[in-house]
Amino acid sequence: MTTSPTIDIKSLQLGELEDKVRELGQPLYRARQIADWLYQKRVQSFDEMTDLPQGLRKRLAEQFDFSKIDIVRVLGSRDTTRKFLFQLRDFNLIESVLIPASPALYGSRSDRRTICISTQVGCAYGCKFCASGLEGFSRNLKPNEIVDQIIAVERESGEKIDNIVFMGMGEPLANLENVLQAIRIINAEWGLGVGARHITISTSGLAPQIRKLAEEPLQIRLAVSLHGATDEVRNRIMPINRRYNIETLLSACDYYKAHKKQRLSFEYILIADVNDSDDQARLLSRHAHRLSAKVNLIPYNSVSGLPWTRPSEKRQEKFLSILRGEGIPVTLRREKGHDIDAACGQLRLQTEREALASG
Ligand code: SAH
Ligand code: SF4
């Protein structure tokens, strides 16, 4: 692994920047100036921070890394879903997806531009339907690599992002400390200034970390990737369920609910003949009732090399109507840009396979 041992300047909180400038014998307001260059003016080197004394710029450059991530591929066009593939400094690839204004999905108004970002290179959880898990886990992303995805996509697209979902590659709760550090920067008024209610973390069901997150003061939202209403179905497609079964997961969700004002949501990918039966819909309604959760149904996006398919539209509508009939707030994603909207992790996989094939 070739990651640098030095801390990146975009991994620091304002208080940490203040400690640093004090240590360098500078007045405290320098910390705010630095944050302003990083997150408002968005310069790409210490040299460009022209209202800081030369000496300070030099000391900072000696002591901190200054990351930027390179966009190596963009798929899709304006008004559709766009995918961005990034290369990190150690040549690992990650991706983000920019979703244009569309019907409210994660508790936000419909006129929001949402970015779906990655938290790890690969994923260790190996869900059977997911491209991110296919090649295993490489490493956690650092806070700056999480924040940089947003900055890079805003720069490339010229759009202001106002809704953030941690639903890209990786399991956010398995990298909780770095994810929280990044979220504090994303949320802070001296940082990117995105409201906590417009930030959603998605998890495949790491029950102990859900409890930890419940105790965090940040009012961010939580989405739980359920994808099956019984242990039998979940065990078949999500290995994590063998460690934390449905009851363990739901009781962690009860705990979360008791601590937070926000409504939880369940993500439920519809996969033909795996989890799309009427019985599953009824049991899913029961779980959603217990937690006053909202349900987002997502027709499965096929992944090359995997056997799963999405159910017919008729089956999707039937599943939806059962939940509606039980009074559950539920959406069925009928997405735009389906041709490129293959789930997160796929662009990287495809690019790596092409690179292997060509040499
Ligand atoms: N690891 C976390 C967050 C990343 S996955 C989690 O699993 O929740 C983000 C979402 O994309 C999850 O709900 C995941 O189940 C879904 N997803 C993965 N592969 C998919 C596919 N092929 N089609 C549709 N959704 C998929
Ligand atoms: Fe990992 Fe989430 Fe994909 Fe499962 S669905 S393999 S937890 S990224």
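These lines cover the structure that appears in this document, whether it is placed above or below. Owing to the predicted nature of the structure, the values given are computational and were not obtained by experimental measurement.

**Points about helix α5 (residues 143-157)**
One turn of the α-helix equals 3.6 residues, which is why residues spaced by three or four share an orientation. Across its 15 residues, α5 extends 22 Å between first and last C-alpha, which sits within 8% of the 21 Å expected from 1.5 Å per residue. Counting buried positions along α5 yields 13 of 15 residues, so the element is predominantly enclosed. Note on α5: the residue one or two positions beyond its end, G158, has a positive phi of about 70 degrees.

**A word on the site of ligand 1**
By nearness alone, 19 residues border ligand 1, and G170, S202, S225, H227 and N301 come closest of all. Contact distances for ligand 1 include 2.6 Å between an oxygen atom and a side-chain N or O atom of S225. N301 places a main-chain nitrogen or oxygen 2.9 Å from a nitrogen atom of ligand 1. Contact with the protein chains hides 92% of the accessible area of ligand 1, taken as 530 Å² for the molecule alone. Listing elements by their share of the shell around ligand 1, those giving two or more residues are β8 (199-203) and β10 (265-270). For the shell around ligand 1, the residue count by class is nine nonpolar, eight polar and two charged.

**Here's the deal with unusual backbone geometry**
Look at F91: it is not a glycine, yet its phi comes out positive at around 75 degrees. Structurally, F91 is set in the loop between β2 (82-87) and β3 (93-99). A positive phi angle, near 45 degrees, is found at S292, a position not held by glycine.

**A closer look at the environment of V330**
If you trace the backbone, V330 turns up in strand β12 (residues 330-332). With relative accessibility at 10%, the residue V330 sits in the buried group. Once you skip the residues sitting within four places of it in the chain, V330 turns out to touch V295, L297, L320, L323 and R324.

**Let's talk about the pairing of β10**
Most of β10 is tucked away: six of the six residues are buried. Burial along β10 is two-sided: the face carrying S265, E267 and I269 and the face carrying F266, Y268 and L270 are both buried. Across three bridges, strand β9 (residues 221-225) lies against β10 in parallel orientation. Within the sheet, the bridge partner assigned to A223 lies in β10 and is S265. Inspection of the sheet shows β10 paired to strand β11 (residues 294-299) by six bridges, in the parallel sense. Among the inter-strand pairings, Y268 is bridged to a residue of β11, identified as L297. Handedness of the crossover joining β10 and β11 through helix α11 (residues 278-291): right-handed.

**Re the side chain of R82**
Secondary-structure assignment places R82 in strand β2. The buried category is assigned to R82, whose relative accessible area is 9%. Looking at R82, its side chain comes within polar contact range of the side chain of E159, at 3.0 Å.

**Observations regarding the nonpolar core**
Counting residues in hydrophobic clusters, the biggest one holds 105 residues, and the most contacted among them are F166, F266, L284 and L297. The greatest single-element share of this core, amounting to seven residues, is contributed by helix α6 (residues 176-187). Setting aside chain neighbours within four positions, we find L297 in contact with Y268, L270, L284, F319, L320, L323, V330, T331, L332 and R333.

So, how was this worked out
Residues numbered from 1 in each chain as written. Chains lettered and ligands numbered in written order. Predicted model: local features only at pLDDT ≥ 70, side-chain atom pairs only at ≥ 80, totals over all residues. Heavy atoms only, no water. Helix = DSSP H or I, 4+ residues; strand = E, 2+ residues; numbered from the N terminus. Expected span 1.5 Å × (residues − 1). Buried < 20%, exposed > 50% of the residue type's maximum accessible area, 1.4 Å probe, protein only. Near = heavy atom within 4 Å. Polar contact = N/O pair within 3.5 Å; in protein donor to acceptor, adjacent residues only side chain to side chain. Areas by Shrake-Rupley, 256 points an atom, 1.4 Å probe, with all protein chains shown as cover. Nonpolar A, V, L, I, M, F, W, Y, C, P; charged D, E, K, R; others polar. Contact = heavy atoms within 4.5 Å. Pairing = 2+ DSSP bridges. Right-handed = clockwise from strand over helix to strand, strands pointing away. Core = buried A, V, L, I, M, F, W, Y, C linked by side-chain atoms within 4.5 Å.

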